[in-house]
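The chain contents come next:
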Amino acid sequence: MTARGWAIETVGLTKRFGSVLALDRLDLTVTPGETFGFLGPNGAGKSTTIRLLLNLIRPDAGTARVHGIPVTDVRRAHRHIGYMPGDVALWPQLTGTETLELFANLAGGVDPAYRAELLERLQLDPSRRVGTYSRGTRQKLALVVALMTRADVLLLDEPTAGLDPLMEEVFQALVREAADRGQTVFLSSHILDEVQDLCDRVAMLREGRLVEVATLDELRRMGATVVELVVDGPVPALADVPGVASVEPMPGVLGGLRVTLDGPPAALLRVLADVQVVRLRTPERSLEEAFLAYY
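Residues numbered from 1 in each chain as written. Predicted model: local features only at pLDDT ≥ 70, side-chain atom pairs only at ≥ 80, totals over all residues. Heavy atoms only, no water.

## Some details on the overall build of the chain
Item 1. Secondary structure summary: the chain contains ten helices and 14 strands in total.
Item 2. With respect to the principal axes defined by its C-alpha atoms, the chain has extents near 75 × 45 × 40 Å.
Item 3. Intrachain contacts of the chain at a sequence separation of at least 6 include 67% that bridge at least 24 residues.
Item 4. On the chain, roughly 14600 Å² of surface is accessible, and the fraction owed to carbon and sulfur atoms is 50%.
Item 5. Of the charged side chains in the chain, 31 are positive and 38 negative, and the gap between their average positions amounts to 7 Å. (Helix = DSSP H or I, 4+ residues; strand = E, 2+ residues; numbered from the N terminus. Contact = heavy atoms within 4.5 Å. Areas by Shrake-Rupley, 256 points an atom, 1.4 Å probe, with all protein chains shown as cover. Lys, Arg positive; Asp, Glu negative; His and termini not counted. Charge placed at Lys NZ, Arg CZ, Asp CG, Glu CD.)

Structure representation (structure tokens):
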């Protein structure tokens with residue numbers, strides 16, 4: 001932490017929309033300089049959280065701070081925030097250049113050289129009117145707006161939706177560079193590979209409640225363990241072995257089995273001691289597998 005405290009801090013943050021509890025007592029802290037993934041299915045409360053951090057909506061209970069500043073102090077807090085919404089809506093009659101100048105004036109100025117670099121790397125022509133832009137091009141313009149101030153905290157809500165694979169690679173490079181400069185990146189995304197490649201820690205939301213906060217390595221170690229093995233000879237019956245949750249054949253691999261454990265492996269290993277095992281490995285769980293284990 002810095003002298004100002006956490007980059008992002010929420011305590012008991014709660015929001016209702018009528019009878020719907022969108023966010024339920026969220027307690028969350030993000031360290032300055034951290035790239036933090038914020039995951040959950042549609043309706044889990046991710047965008048609601050970001051809007052609360054921006055003070056675009058008011059909580060029913062709880063508090064939030066950004067860079068140590070209460071989010072209700074909008075004038076001070078927003079000086080430290082760069083924001084990219086998931087659903088980009090801009091003024092269609094303005095050109096890209098005019099849009100960037102408008103946001104630069106609101107932010108109190110930007111580094112023109114860095115803004116020009118962003119436009120070049122994202123292959124964005126700012127001379128055209130925004131109304132003529134495709135969805136992907138609007139995403140790129142919004143990304144420039146979020147990044148060009150080099151804000152202390154970047155709130156990115158589904159930032160690569162609509163970007164082609166080449167631009168996704170550019171986006172990832174820009175996020176890594178921001179992190180190297182000490183900026184905090186709060187990344188809400190459905191693209192799990194993207195989160196896995198970029199983030200130091202992730203939080204998982206379900207129905208407005210925080211179900212887990214962990215590093216990627218910690219998430220991969222949680223839950224069931226998968227063992228892949230290949231045997232020479234008759235395939236053993238493993239389904240009734242204590243600790244074995246399921247057994248599936250490995251497609252296209254003669255004598256190959258994929259065994260999922262929900263308990264200690266001791267009983268499985270005793271059975272395999274009498275089997276001619278030619279290959280055995282425990283593959284690392286992907287973030288997608290860890291995510292699906294919760295949902």
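Text resumes after the structure shown.
## Let's talk about the side chain of Thr49
Item 1. Structurally, Thr49 can be placed in helix α1 (residues 46-53).
Item 2. Those residues within four positions of Thr49 in sequence are excluded, and the remaining contacts are Leu23, Leu26, Phe38 and Leu205.

## Description of the pairing of strand β11 (residues 225-231)
Item 1. Summarising burial for β11: six of the seven residues are buried, a large majority.
Item 2. Bridge count for β11 against strand β13 (residues 256-261) is six bridges, and the pairing is antiparallel. Across the sheet, the residue bridging to Glu228 is Arg258, located in β13.
Item 3. Bridge analysis of β11 against strand β14 (residues 277-281) gives four bridges, and the strand direction is antiparallel. By the bridge assignment, Val231 is partnered in β14 with Val277. (Buried < 20%, exposed > 50% of the residue type's maximum accessible area, 1.4 Å probe, protein only. Pairing = 2+ DSSP bridges.)

## Structural notes on the pattern of salt bridges
Item 1. Here the structure, examined in full by the defined rule, presents ten salt bridges.
Item 2. In this structure, Arg25 engages Asp24 in a salt bridge whose closest nitrogen and oxygen atoms are separated by 2.9 Å.
Item 3. Judged by its relative accessible area of 56%, Arg25 is exposed.
Item 4. With a shortest N-O distance of 3.6 Å, Arg150 and Asp111 are connected by a salt bridge. (Salt bridge = Lys/Arg side-chain N within 4 Å of Asp/Glu carboxyl O.)

## Some points on the layout of surface pockets
If you roll a probe as big as a water molecule over the atoms, it shows you where there is empty space left.
Item 1. Taken as a whole, the largest pocket encloses approximately 760 Å³ of empty space.
Item 2. Around the largest pocket, the lining comprises 26 residues; the ones closest to its centre are His78, Ile81, Tyr83, Phe103 and Val145.
Item 3. Put simply, the parts of the chain that give the lining of the largest pocket at least two residues each are α2 (74-77), β6 (81-84), α3 (96-107) and α5 (135-147).
Item 4. Here the second largest pocket defines a volume of roughly 230 Å³.
Item 5. Of the residues forming the lining of the second largest pocket, the biggest block, three residues, is contributed by α1.
Item 6. In terms of residue class, the lining of the second largest pocket is built from four nonpolar, seven polar and five charged. (1 Å grid on protein atoms, 1.4 Å probe; cavity = no way out; pocket = protein on both sides within 12 Å on 5 of 7 lines; lining within 4 Å. Points joined across faces, edges and corners; volume = space filled by probe spheres on them. Nonpolar A, V, L, I, M, F, W, Y, C, P; charged D, E, K, R; others polar.)

Treat this as a map of the structure, not an account of what it does.
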